[in-house]
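Spelled out from the first residue to the last, the chains are:
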Amino acid sequence: MTTAHVTCPLCEATCGLTVTFDGGQVTEVRGDAEDVFSHGFICPKGASLGALHHDPDRLRTPLVKRDGKHVPVSWDEAFAEIDTRLLPIIEAHGRDAVAVYAGNPSVHNLSTALYGRVFFKALGTRNFYTAGSVDQLPKHYSSGYLFGDGMTIPVPDVDRTQHLLMLGANPLVSNGSLMTAPDMRGRLKAIRERGGKVVVVDPRRTRTAQVADEHHAIRPGTDALLLFALVNVLFAEDRVSLGHLAEHVTGVADVAELARDFPPEAVAPVTGIPAGDIRRMARELAAAESAAVYGRIGTTTQAFGTLTSWLVDVLNVLTGNLDRPGGVMFPLAAAGQANSAPGKRRPFRHGRWRTRVRGLPEVLGEVPVATLADEILTPGDGQVRALITVSGNPCLSTPNAGRLAESLARLDFMVSLDIYRNETTRHADVILPGPTPLERPHYDVALYQLAVRNVANWTPPAMPGDLPPEWVTMLRLTSIVTGQGPNPDIEALDAFVAAQLAQRSGLEPAAGRRGPERLIDLMLRAGPYDLTLADLEAAPHGVDLGPLRPRVPEVLSTASGKIELAPEAITADGPRLAAELAHVPDGELVLIGRRQLSSNNSWMHNLEPLVRGKNRCTVQVHPADAARLGLADGEPALVSSTAGEIEVPVEVTEEIRPGVVSIPHGWGHGGPGTQTAVAAAHAGVNSNLVADETLLDALSGTAVLNGIPVEVTPTRPPTGPRAV
């Protein structure tokens, strides 16, 4: 028996795990009690790491489509196919004729996180899409204009706060998001034990809401109205207190003027939260010894996602809780910190280019995936003719997914980097697999920039693998798109990448290292803690770099060098929000998604330990709505929208507010050409078949996945005692 200490790469919590092996067999996965960050915490996803490693459906050789069927080929054959078919498309139609979609898992993979940048830059397409535009782009957009950089995102100092207000977030199930924090249950419990308060705003009584001191069941999509009303109360009752931020903020008076249109009495009928409760929430927030306002996917995947994300931090600023212990603070990561040298960066801006068909803006170097099908299906100069997907399943995870799936059949060529033949990769002409998490090194470059405590942890490969690492695959693809052919000198190309990074850092690459190890070592040495990779290799349970500390003004990179609280690029959307005050709900239904503890989007559903138990892919309906609509618990219902319709079992529950229905995202597995037996046996339905790709956050172009107008009707009449 042998053991290895690894950082779990399956969600944003970055928990430390201890993995036990018997030869090549994983026999046990448990939480690492000595990990400096997670202290032994583990969730079902982390415990399934062995099942993922041994999954018989995981691809172990490249596949090339011949006569409509995927057949195994050698790596050289696979890259020769790409060279033969992709390069002529670029030469004939330009680089924008090739689109890229990078999925959520690519951020959790060190090779794709580091070397994907190399390949994407070499490809040079403006048709670059990621899961961010169905998830979190509004937060990057608002942070960019407030603080100067899209990755300058403050996170709740949960270990010291006395008052935590969470909107559209369910960290007891998601394990945190844009807030890297293992064991959120323990952290929320600690807030209450030290006399603090936890308040949750969510249309559902989620697991997190159940352990909170207070839950407000808001109408989906109206969070910005609630937040503006809280701001209104702060100004009206003279409760604004910038504290140490006073000399570092501009635009306070502009925000005060904007907030006049949103008194609690005006927003209460639309949000469903009484005006008296809104006033009390504002007063308690302002009076708390320390407080943090935090919003997540429920706030970013709605029609006013950017305004909501902005107002979250406006509240943190106006109560003096930004950049102070117990408030929201800016992490300082050991490697790759985007905002560690603000003087060297240009202030954030968006819309540097727009999409060809719908004119949607670029944000943070990507464009909204809601228009990818348009770019494939619409003829003309710049039409997308080839697609490369990197660890993504957009046929399940993007709006009007059925139309996107149909569009993939129109492509001239498609390449997928993925370990599964799933609902998206089944369309690919070439599929390139990669090693499992236990066979590759790991360091959370992105997630440590969002951690509630500054830590660093390096995971070497726990066991040898028989597949090329993804960084080698990325370099071979880079060689192809730069016209150097499919068989480059990998060592020379890798050395060139390292030399470029070293030049920017003013350092020399360490001898004897290659690949991600060499790059991470350079990034650590260029970082703020005088660390090297050797230091982390000598600390298998991680290095604790201390609690978050104040970083204003050093962290700011706006044109003014201050927090620009009322940027026109955001406030210009205010009139659209004000118009919502006239929209008092009158019996209509709206759809929201929901998280599940044993699930992470669509990519964890082929593991038996994570899909056990009853079918969790249901449409949750409040009893009053079920009675009104003739819906029965356990019986099928038809959920329809302007985009399409799906049939899904009904789950009648008081956990959801009237007027709202909920279906989990990421399901709808199986179908011709897929090879995921467990997922297909627990297929569920794809809620994105009823998500309308024309419904977007007006500023960032992020898809509206929460607050979709729908109709729900029984597909057969209820009978017997199960009828509601």
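Scope of this entry: the structure provided in the associated data block.

Cut-offs and rules
Within each chain, residue numbers correspond to sequence positions counted from 1 in written order. Thresholds applied to this predicted model are a pLDDT of at least 70 for local features of residues and 80 or more for the giving and counting of side-chain atom pairs; totals over whole chains, interfaces and linings are not thresholded and use all residues. Hydrogens are left out, water is left out, and the side-chain values use all remaining heavy atoms of the structure. Comment: elements are numbered from the N terminus, with helices defined as DSSP H or I runs of at least four residues and strands as E runs of at least two. Each residue is assigned to one of three classes by its accessible area relative to the maximum for its type, calculated with a 1.4 Å probe on protein chains only: buried under 20%, partly exposed between the two thresholds, exposed over 50%. Every residue pair with non-hydrogen atoms within 4.5 Å of one another is taken to be in contact. Using the Shrake-Rupley algorithm and a 1.4 Å probe, accessible areas are obtained, with residue cover drawn only from the displayed protein chains. Lys and Arg are tallied as positive, Asp and Glu as negative. Neither His nor the chain termini are counted. Where a charge sits is defined by one atom per residue type, namely NZ (Lys), CZ (Arg), CG (Asp) or CD (Glu). Strands were regarded as paired on the criterion that DSSP finds at least two bridges between them. Whenever a helix is involved, its axis is fitted only over the stretch in contact; in every case the axis is a line through C-alpha atoms, and angles between N-to-C directions fall within 0 to 180 degrees. Within this document, salt bridges are pairs made up of a side-chain nitrogen of Lys or Arg and a carboxyl oxygen of Asp or Glu, the two lying within 4 Å of each other. Residue count minus one, scaled by 1.5 Å, sets the expected span of a helix. Here, nonpolar core refers to any group of buried Ala, Val, Leu, Ile, Met, Phe, Trp, Tyr and Cys residues whose side-chain atoms link them within 4.5 Å. Roughly parallel means an angle under 35 degrees; roughly antiparallel means over 145; roughly perpendicular covers 65 to 115; every other angle is labelled oblique. Put simply, Ala, Val, Leu, Ile, Met, Phe, Trp, Tyr, Cys and Pro go in the nonpolar bin, Asp, Glu, Lys and Arg in the charged bin, and everything else, Gly too, in the polar bin.

Turning next to the overall build of the chain. Counting its regular elements, the chain contains 25 helices and 26 strands. Along the first, second and third principal axes, the C-alpha set of the chain runs to 70 × 65 × 60 Å. Here the chain, with 724 residues, has 61% of them falling under the buried criterion. When contacts within the chain are restricted to residue pairs at least 6 apart in sequence, those whose partners lie at least 24 apart make up 74%. Working note: accessible area of the chain is about 25,200 Å², and carbon and sulfur atoms make up 50% of it. Charge separation in the chain, taken as the distance between the mean sites of 65 positive and 81 negative side-chain charges, equals 0 Å.

This part is about the sheet that holds strand β26 (residues 708-714). Strand order around the closed barrel formed by six strands is β21-β25-β22-β24-β23-β26, with mixed pairing between neighbours. This sheet shows a mean twist of 45 degrees between the axes of neighbouring strands, independent of strand direction. Where strand β23 (residues 636-640) lies against strand β24 (residues 645-652), five bridges are found, and the strand directions are antiparallel. When the bridges of β24 are listed, Val639 appears paired with Ile646.

Checked against the element boundaries, Thr473 lands in helix α18 (residues 470-481). The contacts of Thr473, once residues within four sequence positions are left out, are Trp75, Phe79, Leu417 and Leu432.

Tallied over the full model, the rule gives 38 salt bridges. With its nearest N and O atoms 3.8 Å apart, the salt bridge here joins Glu588 to Arg219. Of this pair, Glu588 sits in the loop between α23 (574-579) and β21 (589-592) while Arg219 sits in the loop between β11 (214-216) and α9 (223-236), and the two are 369 residues apart along the sequence. Members of the salt-bridge network, linked through shared partners, are Lys197, Glu214, Asp277, Arg280 and Glu284.

Now for the pairing of strand β16 (residues 413-417). With respect to burial, β16 is a largely interior element, five of its five residues being buried. Neither face of β16 is exposed, since Phe413, Val415 and Leu417 on one face and Met414 and Ser416 on the opposite face are all buried. Examined bridge by bridge, strand β15 (residues 386-390) and β16 share five bridges and lie parallel to one another. In the strand pairing of β16, Val390 is matched with Leu417. Across three bridges, the pairing between β16 and strand β17 (residues 430-432) is parallel. What sits directly across from Val415, in β17, is Val430.

So, on to the pairing of strand β3 (residues 25-31). Within a regular strand, the side chains alternate between the two sheet faces. Here strand β2 (residues 16-22) pairs with β3 via six bridges, running antiparallel. The residue of β3 that forms the bridge with Asp22 is Gln25. Here β2 folds back onto β3, and the loop between the two strands holds two residues, one of which, Gly23, carries a positive phi near 65 degrees.

Along its 14 residues, helix α14 (residues 305-318) runs 20 Å from first to last C-alpha, staying within 8% of the 20 Å computed at 1.5 Å per residue. Of all the 14 residues making up α14, 14 are buried; the element is thus mostly covered by neighbouring parts of the structure. Count one or two residues on from α14 and you reach Gly320, which has phi positive near 75 degrees.

The next subject is helix α11 (residues 264-271). Within the span of α11, buried status applies to Pro264, Val267, Ala268, Val270 and Thr271. Once α11 ends, the next one or two residues include Gly272, with phi positive near 85 degrees.

Here we take up the nonpolar core. Residues Ile82, Ile388, Tyr443, Ile520, Ile563 and Leu565 are the most contacted members of the largest nonpolar core, which totals 145 residues. Ranked by residues supplied to this core, first place goes to α9 with 10 residues. Here Ile520 is in contact with Leu110, Leu114, Tyr443, Val445, Trp458 and Leu533, once residues within four sequence places are set aside. Within the second largest apolar cluster, 49 residues are counted, among which are Leu411, Ala428, Val611 and Leu705.

One way to put it is that helix α4 (residues 110-123) packs onto α18 with a least axis distance of 9 Å and a crossing angle of 5 degrees. Taken together, the axes of α4 and α18 are roughly parallel relative to one another. Counted together, Ser111, Thr112, Tyr115, Gly116, Val118, Phe119, Ala122 and Leu123 of α4 and Glu470, Trp471, Met474, Leu475, Leu477, Thr478 and Val481 of α18 form the full contact between these two elements. Class assignment of the residues belonging to the contact of α4 with α18 gives a composition of 10 nonpolar, four polar and one charged.

Turning our attention to unusual backbone geometry. At the junction of Val552 and Pro553, the peptide bond is cis and its omega measures out at 10 degrees in the coordinates. Topologically, Pro553 is positioned in the loop between β19 (543-547) and β20 (563-564). Even without being glycine, Asp67 reaches a positive phi, approximately 55 degrees. By secondary structure assignment, the location of Asp67 is in the loop between β4 (63-66) and β5 (69-72).

Coordinates in, geometry out; function isn't part of it.
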